[in-house]
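# Observations on the three-dimensional arrangement
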Number of protein chains: 2
Amino acid sequence: MQLPPLVQTFVLHFGEMGSRWGINRTVGQIYAVLFVSERPLNADEIVERLGVSRSNVSMGLKELQAWNLVRLQHRPGDRRDYFATPEDVWQIVRTLVEERKKREIDPTLTMLRELLMQEVGTEAERHAQARLGEMHDLFELFTGWYDDMRRLDTDRLIQLLTLGAKVQKVLEMKDRLTRFGGRGGKGD
Amino acid sequence: MQLPPLVQTFVLHFGEMGSRWGINRTVGQIYAVLFVSERPLNADEIVERLGVSRSNVSMGLKELQAWNLVRLQHRPGDRRDYFATPEDVWQIVRTLVEERKKREIDPTLTMLRELLMQEVGTEAERHAQARLGEMHDLFELFTGWYDDMRRLDTDRLIQLLTLGAKVQKVLEMKDRLTRFGGRGGKGD
DNA sequence: TATCAATTTCAGAAACTTCTGAAAAGACGA
DNA sequence: TCGTCTTTTCAGAAGTTTCTGAAATTGATA
């Protein structure tokens with residue numbers, strides 16, 4: 001592996017993390033190398049830096065492209081493909097969440113809805129269905145919230161995240177201000 | 001696999017999802033079976049339902065216990081261990097996020113902080129460090145937000161998630177209302 | 001202490017994933 | 001068209017994870 005120690009540490013850790021999240025180690029490493037690189041890299045440069053086979057890099061890049069996580073670029077007078085990550089880390093987060101939702105959450109919601117529509121006979125099945133209903137509602141709540149969040153521009157998103165639970169305070173204030181006097185505030 | 005078709009579909013899907021998130025398929029299936037069960041189950045009952053070996057179930061249950069995702073119970077006059085998931089799905093979410101943070105996010109933040117403290121020589125390394133800084137700040141923002149959220153009780157959490165981006169509207173209103181008292185507004 | 005039921009451990013088998021080198025395919029200019 | 005440079009594909013090797021059955025351990029009871 002032909003990398004400065006600082007970068008190497010990061011790349012190895014990132015590959016490791018990747019494999020805990022169902023992403024193949026090399027794919028994670030390729031992404032890490034691109035992420036810290038000053039400029040787009042071609043496949044051979046990645047091979048050099050990581051010390052893995054050319055074909056492995058080719059497959060890894062293909063996977064990253066399928067996930068929309070890298071951008072392909074060309075330089076004038078050079079036929080090779082150059083790859084880069086988006087400069088904006090928020091763009092990366094958005095893509096990651098979006099793709100993961102598309103591949104895993106949405107199909108799960110579909111499956112849950114289908115199972116909830118079935119007529120069942122036994123008590124055990126009725127109980128199972130009730131549980132699946134709870135899970136379905138949870139997923140719906142999260143995807144609904146996410147759907148709202150992704151529409152916000154990054155500054156506002158940061159603003160909200162930074163406020164954190166303080167939003168709650170603002171909501172209480174709103175309650176007090178809008179229903180003057182009345183029962184506002186903590187009631188649930 | 002000895003399960004009603006409805007449950008079987010769910011269990012298989014859940015196992016599949018698990019393996020995409022770095023959780024072994026059987027462990028996912030065991031969890032799914034416990035999740036929809038009306039009552040706590042002992043290891044042999046899980047073996048029956050899933051048709052996998054007793055030792056496999058034993059290892060799976062051990063892993064789920066290490067993740068705090070199942071509760072062990074005993075019945076009077078029965079030496080066997082019975083396992084159940086929490087009844088409250090929100091409790092499940094909280095545990096999952098907490099454990100994942102502890103195992104993956106926190107160590108990553110530690111690593112990033114260590115790399116950011118290093119003095120480096122080359123331009124490439126300085127650029128890499130800047131990128132790691134961006135990633136670090138992103139992770140900090142998320143964990144800070146999460147730290148706020150986890151303190152909220154479930155009803156308030158649901159309230160916030162349901163509002164979604166409408167919170168933004170309330171914040172704007174707050175801005176308008178507080179501005180003419182002095183310090184209000186966008187500043188942080 | 002011996003017995004018995006339940007659980008855990010673990011070495012090796014089975015299944016699965018990842019990786020490689022070699023060959024094929026594609027793209028471009030001469 | 002050909003030659004060259006590049007990327008992709010793919011069969012099998014290497015590596016890793018998961019799973020099993022048999023044996024060991026635990027712990028309660030007599």
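Everything here concerns the structure above.
Now for a look at the structure at hand.

Next up on the list: the packing of helix H2 (residues 25–36) of chain A against helix H3 (residues 43–50) of chain A. Angle between the axes and distance between the axes: these two values describe a pair of packed helices. Residue and element names in this part refer to chain A. With their axes 11 Å apart at the nearest point, H2 and H3 run at an angle of 105° to one another. Judged on the interaxial angle alone, H3 and H2 are roughly perpendicular. Contacts between H2 and H3 pair Gln29, Ile30, Val33 and Leu34 from the former with Ile46, Arg49 and Leu50 from the latter. Of the residues that constitute the contact of H2 with H3, the class distribution is 5 nonpolar, 1 polar and 1 charged.

Close to DNA strand C lie 15 residues, the nearest being A:Thr26, A:Ser53, A:Ser55, B:Lys62 and B:Asp81. What you see for DNA strand C is that sugar and phosphate hold 65% of its atoms within 4 Å of the protein. At 3.1 Å from a phosphate oxygen of DNA strand C is found a side-chain nitrogen or oxygen belonging to B:Ser58. B:Arg80 has a polar side-chain atom sitting 3.5 Å from a phosphate oxygen of DNA strand C. Where the surface near DNA strand C is concerned, the elements lending two or more residues are helix H4 (54–66) of chain A together with helix H4 (54–66) and strand E3 (78–84) of chain B. With 4 residues, H4(B) is the largest single contributor of residues to the surface near DNA strand C. A per-class count over the surface near DNA strand C returns 2 nonpolar, 7 polar and 6 charged.

Attention now goes to the packing of aromatic side chains. All told, the structure shown has 10 aromatic pairs over all chains when counted by the stated rule. Taking 5.4 Å as the distance between ring centres and 50° as the angle between the ring planes, the aromatic pair formed by B:Phe10 and B:Phe14 counts as tilted. Here B:Phe10 pairs with B:Phe14, and both are found in helix H1 (residues 5–20), just 4 residues apart, close to one helical turn. Judged by relative accessible area, B:Phe10 falls into the buried class, the value being 1%. The class for B:Phe14 is partly exposed, based on a relative accessible area of 24%. Through successive ring pairs, a cluster of aromatic residues spans A:Phe10, A:Phe14, A:Tyr31 and A:Phe35. Cation over ring: A:Arg131 sits above B:Phe35, and NZ or CZ is 4.2 Å from the ring centre.

Residues and elements named next belong to chain A. In this sheet, strand E3 (residues 78–84) lies alongside strand E1 (residues 41–42) in antiparallel orientation, the contact comprising 2 bridges. The partner of Leu41 across the bridge, within E3, is Phe83. Of the strand pairs in this sheet, strand E2 (residues 71–75) and E3 are connected by 4 bridges, and their pairing is antiparallel. Across the sheet, residue Arg75 finds its bridge partner in E3, namely Asp78.

A few words on the interface of chain B and chain A. Facing 70 residues of chain B, the contacting portion of chain A comprises 70 residues. Summing the contributions of chain B and of chain A, the shared interface buries around 6300 Å²; its carbon and sulfur component is 72%. Here chain B is connected to chain A by 2 salt bridges. Across the chain B-chain A interface, the total number found is 20 residue pairs in polar contact (both at pLDDT 80 or more). Counting only elements with at least two residues in the side of chain B that touches chain A, the list comes to H1, helix H2 (25–36), helix H5 (89–117), helix H6 (123–151), helix H7 (154–163) and helix H8 (166–179) of chain B. Here the residues of the side of chain B that touches chain A sort into 39 nonpolar, 14 polar and 17 charged.

Ranked by internal contacts, the top residues of the largest apolar core, which has 95 residues, are A:Phe10 and B:Phe10. In this view, A:Phe10 contacts A:Ala32, A:Phe35, A:Val36, B:Met111, B:Leu112, B:Leu115, B:Leu132 and B:Met135; residues no more than four positions away in its chain are not counted.

A word on the sheet that holds strand E1 (residues 41–42) of chain B. Two orientations exist for strands paired in a sheet by backbone hydrogen bonds: parallel and antiparallel. Spatial ordering of the open sheet is given by E1-E3-E2 (chain B), a layout of 3 strands whose pairing is antiparallel. Each edge of the sheet is formed by a strand with only one pairing partner; in this case those strands are E1 and strand E2 (71–75) of chain B.

The next subject is the environment of A:Ile23. Residues and elements named next belong to chain A. Residue placement: Ile23 occurs in the loop between helix H1 (5–20) and H2. Each C-alpha atom of the pair Ile23 and Glu63 lies 9.8 Å from the other, and the pair is 40 residues apart in sequence. Residue contacts for Ile23: discarding those within four places in its chain leaves Gly18, Gly28 and Arg100.

Moving on, we come to the protein's contact with DNA strand D. Among the 15 residues in the neighbourhood of DNA strand D, the closest are listed as A:Arg54, A:Lys62, B:Thr26, B:Ser53 and B:Ser55. Among atoms of DNA strand D positioned within 4 Å of the protein, sugar and phosphate together represent 64%. Contact distances for DNA strand D include 3.0 Å between a phosphate oxygen and a backbone N or O atom of A:Asp81. Interatomic distance of 2.8 Å between a side-chain N/O atom of B:Ser55 and a base oxygen of DNA strand D. Every element with two or more residues in the surface near DNA strand D is listed here: H4 and E3 of chain A together with H4 of chain B. Top contributing element to the surface near DNA strand D by residue count: H4(A), with 4 residues. Split by residue class, the surface near DNA strand D holds 2 nonpolar, 7 polar and 6 charged.

Criteria and cut-off values
- Residues numbered from 1 in each chain as written.
- Chains lettered and ligands numbered in written order.
- Predicted model: local features only at pLDDT ≥ 70, side-chain atom pairs only at ≥ 80, totals over all residues.
- Heavy atoms only, no water.
- Axes fitted to C-alpha atoms, helices over the stretch in contact; angles between N-to-C directions.
- Helix = DSSP H or I, 4+ residues; strand = E, 2+ residues; numbered from the N terminus.
- Parallel < 35°, antiparallel > 145°, perpendicular 65-115°, else oblique.
- Contact = heavy atoms within 4.5 Å.
- Nonpolar A, V, L, I, M, F, W, Y, C, P; charged D, E, K, R; others polar.
- Near = heavy atom within 4 Å.
- Polar contact = N/O pair within 3.5 Å; in protein donor to acceptor, adjacent residues only side chain to side chain.
- Phe/Tyr/Trp six-rings, centres within 6.5 Å; stacked < 30°, edge-to-face > 60°.
- Buried < 20%, exposed > 50% of the residue type's maximum accessible area, 1.4 Å probe, protein only.
- Lys NZ or Arg CZ within 6 Å of the ring centre and 35° of its normal.
- Pairing = 2+ DSSP bridges.
- Buried area = accessible area lost by both parts, 1.4 Å probe.
- Salt bridge = Lys/Arg side-chain N within 4 Å of Asp/Glu carboxyl O.
- Core = buried A, V, L, I, M, F, W, Y, C linked by side-chain atoms within 4.5 Å.

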